[in-house]
Amino acid sequence: MSEKTPTPAAADPVPAASHAAAVRRERRGRLGPVARPVPLLALALAASLLWSVWLGLQVRSDHRDSSERREALAAAESFATTLSSYDHTRLEQDFAAVMANSTGSFKSEYTVASEALRTLITKLHGTASGKVLNAGLVSYGNGEAQVILFVDQTVTNDSTKQPRLDRTRMRLGLEKQDGRWLISSLDLL
């Protein structure tokens, strides 16, 4: 037998090249569908992560905004009660409480008005008790708020035999300064 069997080195180069191409095609076929979506999945994951962060910040912002609105409304209700309540025996304290929660032109106007009221309230032994029946936030933003309040004020003094009920409607303007809401304006409606 003089015929020799070809060794791998002596094999035909064309079938080896075809075999290598077939292996590459097979690998591409197996990895292609898997390898191509990996960047798309990474992009989708990054987009969903960014979307989640954005939604979280929105919810946090809405919660903070809602909390500040509630604070403004609660402050206005407290101020309206303070404004509509007084007692001639502790008038200085009552007026000081209003002044401590006032700012701007309202503070100046209240200073003048309280001087005129002081004499009258003291002379007639006046007392008043205010109660907020309802309140609503009309506007809010940039550290300012407008609140409408419905206040019943029961007034007694030496000139009336029976307590008198005054139904007061007011709009309070508020400003936030150093983390506190303060009265900046008052309009009786």
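Look up: the structure comes first, before these words.
A quick note: this is a predicted structure, and the numbers were derived from the prediction, not measured.

Notes on the overall build of the chain
And then number 1: A tally of regular secondary structure across the chain gives 4 helices and 5 strands.
And then number 2: Starting at the N terminus and ending at the C terminus, the chain contains elements arranged as α-α-β-α-α-β-β-β-β.
And then number 3: Within the span of the chain, comprising 189 residues, buried residues form 25% of the whole.
And then number 4: Working note: accessible area of the chain is about 13100 Å², and carbon and sulfur atoms make up 59% of it.

Here's the deal with the pattern of salt bridges
And then number 1: Counted by the stated rule, this structure contains 7 salt bridges.
And then number 2: A salt bridge links Glu 115 to Arg 118; the nearest nitrogen and oxygen atoms lie 2.8 Å apart. Of this pair, Glu 115 and Arg 118 both sit in helix H4 (residues 104–123), 3 residues apart, which is roughly one turn of the helix.
And then number 3: For Arg 118, a relative accessible area of 18% corresponds to the buried category.

Details of the sheet that holds strand S4 (residues 164–177)
And then number 1: Judged by pairing direction, the sheet is antiparallel, and its 5 strands sit side by side in the order S1-S2-S3-S4-S5 without closing on themselves. For this open sheet the edge positions go to strand S1 (86–87) and strand S5 (180–188), each flanked by a neighbour on one side alone.
And then number 2: With 2 bridges connecting them, S1 and strand S2 (residues 127–141) associate as antiparallel partners. Paired with Asp 87 across the two strands is Thr 127, which belongs to S2.

Re the environment of Gly 130
And then number 1: Relative to the elements of secondary structure, Gly 130 occurs in strand S2.
And then number 2: Through-space distance from the C-alpha of Gly 130 to that of Gln 153 is 4.2 Å; in sequence the pair is 23 residues apart.
And then number 3: With near-sequence residues (within four places) excluded, Gly 130 lies in contact with Thr 81, Ser 84, Ser 85, Val 151, Asp 152 and Gln 153.

Re the packing of helix H3 (residues 91–100) against H4
And then number 1: Contact geometry of H3 with H4 gives a least axis separation of 11 Å together with a crossing angle of 165°. When the axes of H3 and H4 are compared, the pair comes out roughly antiparallel. With respect to the hand of their crossing, H3 and H4 are arranged in right-handed fashion. Across the interface between the two elements, Leu 91, Glu 92, Phe 95, Val 98 and Met 99 of H3 pack against Phe 106, Lys 107, Tyr 110, Thr 111, Ser 114, Leu 117, Arg 118, Ile 121 and Thr 122 of H4.
And then number 2: Tallied by class, residues from the contact of H3 with H4 come to 8 nonpolar, 3 polar and 3 charged.

Structural notes on the packing of aromatic side chains
And then number 1: With the rule as written, the count across this model stands at 3 aromatic pairs.
And then number 2: Between Phe 95 and Tyr 110 the ring centres are 5.9 Å apart and the planes differ by 85°, which places this aromatic pair in the edge-to-face class. On the criterion of sequence distance, the pair formed by Phe 95 in helix H3 and Tyr 110 in helix H4 is long-range, its members being 15 residues apart. The same class applies to Phe 95 as to Tyr 110, namely buried.
And then number 3: Aromatic side chains Tyr 140 and Trp 181 sit 6.3 Å apart centroid to centroid with 55° between the ring planes, which places their arrangement in the tilted category. In this pair, Tyr 140 is assigned in strand S2 and Trp 181 in strand S5, connecting sequence segments 41 residues apart.

Rules used in this analysis
- Residues numbered from 1 in each chain as written.
- Predicted model: local features only at pLDDT ≥ 70, side-chain atom pairs only at ≥ 80, totals over all residues.
- Heavy atoms only, no water.
- Helix = DSSP H or I, 4+ residues; strand = E, 2+ residues; numbered from the N terminus.
- Buried < 20%, exposed > 50% of the residue type's maximum accessible area, 1.4 Å probe, protein only.
- Areas by Shrake-Rupley, 256 points an atom, 1.4 Å probe, with all protein chains shown as cover.
- Salt bridge = Lys/Arg side-chain N within 4 Å of Asp/Glu carboxyl O.
- Pairing = 2+ DSSP bridges.
- Contact = heavy atoms within 4.5 Å.
- Axes fitted to C-alpha atoms, helices over the stretch in contact; angles between N-to-C directions.
- Parallel < 35°, antiparallel > 145°, perpendicular 65-115°, else oblique.
- Left-handed = near helix turned anticlockwise from the far one by under 90°.
- Nonpolar A, V, L, I, M, F, W, Y, C, P; charged D, E, K, R; others polar.
- Phe/Tyr/Trp six-rings, centres within 6.5 Å; stacked < 30°, edge-to-face > 60°.

Just geometry here; none of it tells us what the structure is for.
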